Amino acid sequence: MTVSVSAAVSGRDLSPVDPALMPADWRDLLALTKPRVLTLVVFTGLCGLLAAPGHIHPMLAFATILGITLGAGGAGALNQWYEADRDLLMKRTANRPVPAGRMRRDTALHFGVALCVFSVLLTYLAANALAAAILTVSIGYYVFIYTMWLKPRTPQNIVIGGAAGAFPPLIGWAAVTGDVSALPIALFLLTFFWTPPHFWSLSLFVRMDYANAGIPMLPVVAGEVVTRRHILFYTAIMGVAAMAPVLMGLTGLTYGITALIGTAIFAGLSFQVALRRESDPANMQPERRLFKYSMLYLFILYGAVVADRWMAAA
Amino acid sequence: MTPDEQAAIRARQRSRSIATAVVLLAMVVLFFGITLAKLSN
């Protein structure tokens, strides 16, 4: 029986049959797409589409969101293909299909490439060339700039790499209008500056995982105190980005009040995290709270943008 | 290869074939829907 690449990667074979011979299970193919991350991508893309002025046929809107979803899923699969060795060293990721030895590594590569190509073609057919081009850039940014270049090299990986997850509202907006204007760019910046406090709060309580895998996350390289200060610093910039749409007159008070309250709570939680000197992950409840709240925060603000735009149009 | 291993591979192939058929059918419906939407526009 041949030894598969993934078995060699993992050094163990968890399935009863060698994965080199075993066709990949569809559930493992689904897991390659990182379904939980997709939720945020789909929601922000949908909000960009719903907030845009103009009309798009519901079927084309659905196909565009499907294109964004498949593109993000394909990029996630390529990330798991490339990072299989490192994923094996982290508790949080060791059970992914490739490092766990349930799937051949090249299956993940082929699946990821197929999804990415199909997603771009679908977005082009359903929306327009600009939306498809932004999707292509976002996939390339996530796979080549973030996964392959930045992540293993610099503790600023999250800061620069955060752009990859900020593209969906631009794609949704471009699908309706055929261009990109100030509001989707403001939403892009909001997600871009939201990413560092979101991921650094997570990295504080899973830093040993990153250290074991040799990933230079900020708490591993610069220490926890610096990370906590950075969280507060980027929360301040994120706050400016969050208030920018209302200050620039792009949205109304519905969004403005929601953003003000939501950002004040975010800042309060970040301040609490910044003042702490706790290093035991078991006692990092405020850090976990900030991480969870940051996800809710983004959902609420994007929802508020759509509500605001719809109320203004009514 | 043992009979158990062969059976496991057959079962996985069957499950993948069904999943592939569902995806292909969904694509047919999707592209039909896109075409109708484009025509109506």
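Before reading on, note that the structure itself is shown above.
The following paragraphs examine the structure supplied in this document. Residues take numbers from 1 onward in each chain, read along the sequence in its written order. Whichever chain is written first is A, and whichever ligand is written first is 1; the rest continue in order. Per-residue local features are limited, in this predicted model, to residues with pLDDT of at least 70; the limit for side-chain atom pairs, both in listing and counting, is 80 or more; totals at the level of whole chains, interfaces and linings are taken over all residues. Only hydrogens and water are set aside when side-chain values are computed; all heavy atoms of the structure are taken into account.

## Brief notes about the interface of chain B and chain A
For step 1, the next point in the chain: Contact definition: two residues touch when any of their heavy atoms are within 4.5 Å. At the interface, 18 residues of chain B touch 21 residues of chain A.
For step 2, the next point in the chain: Summed over both partners, the accessible area (1.4 Å probe) lost when two parts come together is defined as the buried area. Summed over both partners, the interface of chain B with chain A comes to about 1,700 Å²; 74% of that surface belongs to carbon and sulfur atoms.
For step 3, the next point in the chain: Looking only at chain B, the three residues that lose the most surface to chain A are Arg-12, Arg-16 and Leu-30 of chain B, adding up to 33% of its buried area.
For step 4, the next point in the chain: Think of a salt bridge as a Lys or Arg side-chain nitrogen and an Asp or Glu carboxyl oxygen that are within 4 Å of each other. Along the contact surface separating chain B from chain A lie one salt bridge.
For step 5, the next point in the chain: Here Arg-12 of chain B ties to Asp-25 of chain A by a salt bridge, and the two come within 3.4 Å at their closest N and O atoms.
For step 6, the next point in the chain: Residues are sorted three ways: Asp, Glu, Lys and Arg are charged, Ala, Val, Leu, Ile, Met, Phe, Trp, Tyr, Cys and Pro are nonpolar, and all the rest, Gly among them, are polar. Across the side of chain B that touches chain A, the residue classes tally to nine nonpolar, five polar and four charged.

## Some details on helix 1 (residues 3-40) of chain B
For step 1, the next point in the chain: Helix length check: helix 1 of chain B (38 residues) gives 55 Å between terminal C-alpha atoms against 56 Å at 1.5 Å per residue, within 8%.
For step 2, the next point in the chain: Burial here depends on accessible area, computed with a 1.4 Å probe over protein chains only, as a share of the maximum for the residue type. Under 20% is buried, over 50% is exposed, and the range in between is partly exposed. By the criteria applied, helices consist of DSSP H or I runs no shorter than four residues and strands consist of E runs no shorter than two, each listed in order from the N terminus. Residues Glu-5, Ile-9, Arg-12, Leu-30, Gly-33, Ile-34 and Ala-37 of chain B constitute the buried set of helix 1 of chain B.
For step 3, the next point in the chain: Next to the buried residues of helix 1 of chain B lie helix 4 (58-82) and helix 6 (105-126) of chain A. By this rule, a helix spans an expected 1.5 Å times one less than how many residues it contains.

## Observations concerning the packing of aromatic side chains
All names here are of chain A.
For step 1, the next point in the chain: Aromatic rings from Phe, Tyr and Trp, taking only the six-membered ring of Trp, are treated as a pair when their centres fall within 6.5 Å; an angle between ring planes under 30 degrees marks them as stacked, one over 60 as edge-to-face, and anything in between as tilted. On inspection of all chains with the given rule, the structure shows 14 aromatic pairs over all chains.
For step 2, the next point in the chain: Look at Phe-192 and Phe-193: their rings are 5.1 Å apart centre to centre, the planes differ by 80 degrees, and that puts the pair in the edge-to-face class. Phe-193 carries the same exposure label as Phe-192, and that label is buried.
For step 3, the next point in the chain: Counting every residue linked through ring pairs, the aromatic cluster contains Tyr-141, Phe-167, Phe-188, Phe-192 and Phe-193.
For step 4, the next point in the chain: A cation sits over an aromatic face here: Arg-288 above Phe-205, 4.4 Å from the ring centre. Remark: a charge is flagged as sitting over a ring if the NZ atom of Lys or the CZ atom of Arg is within 6 Å of the ring centre and within 35 degrees of the ring normal.

## Structural notes on the pattern of salt bridges
Residues and elements named next belong to chain A.
For step 1, the next point in the chain: Scanning all chains against the criterion turns up twelve salt bridges over all chains.
For step 2, the next point in the chain: Note that Asp-106 is salt-bridged to Arg-104, the shortest N-O span being 2.7 Å.
For step 3, the next point in the chain: On the accessibility criterion, Asp-106 (28% relative accessible area) is partly exposed.
For step 4, the next point in the chain: Across the pair Arg-228 and Glu-224 runs a salt bridge whose closest N-O atoms are separated by 3.7 Å. Of the two residues, Arg-228 and Glu-224 both sit in helix 13 (residues 224-247), four residues apart, roughly one turn of that helix.
For step 5, the next point in the chain: Connected through salt bridges with shared partners, the residues Arg-207, Glu-224, Arg-228, Arg-276 and Glu-287 form a single ionic network.

## Quick word on the packing of helix 13 of chain A against helix 14 (residues 253-275) of chain A
Residues and elements named next belong to chain A.
For step 1, the next point in the chain: The N-to-C vectors of helix 13 and helix 14 enclose an angle of 175 degrees; their axes lie 9 Å apart at closest approach. Considering the angle they form, helix 13 stands roughly antiparallel to helix 14. Only Tyr-255, Gly-256, Ala-259, Leu-260, Thr-263, Phe-266, Ala-267, Ser-270, Phe-271, Val-273 and Ala-274 of helix 14 make contact with helix 13, whose side of the interface consists of Arg-228, Ile-231, Leu-232, Thr-235, Met-238, Gly-239, Ala-242, Met-243, Pro-245 and Val-246.
For step 2, the next point in the chain: Along the lines of polarity and charge, the residues of the contact of helix 13 with helix 14 split into 15 nonpolar, five polar and one charged. Lines fitted to C-alpha atoms define the axes, with helix axes restricted to the stretch in contact, and inter-axis angles between N-to-C directions lie between 0 and 180 degrees. Any angle that falls under 35 degrees is termed roughly parallel, while one over 145 is termed roughly antiparallel, one within 65 to 115 roughly perpendicular, and all others oblique.

So far we have only geometry, and geometry alone does not tell us how the molecule works.
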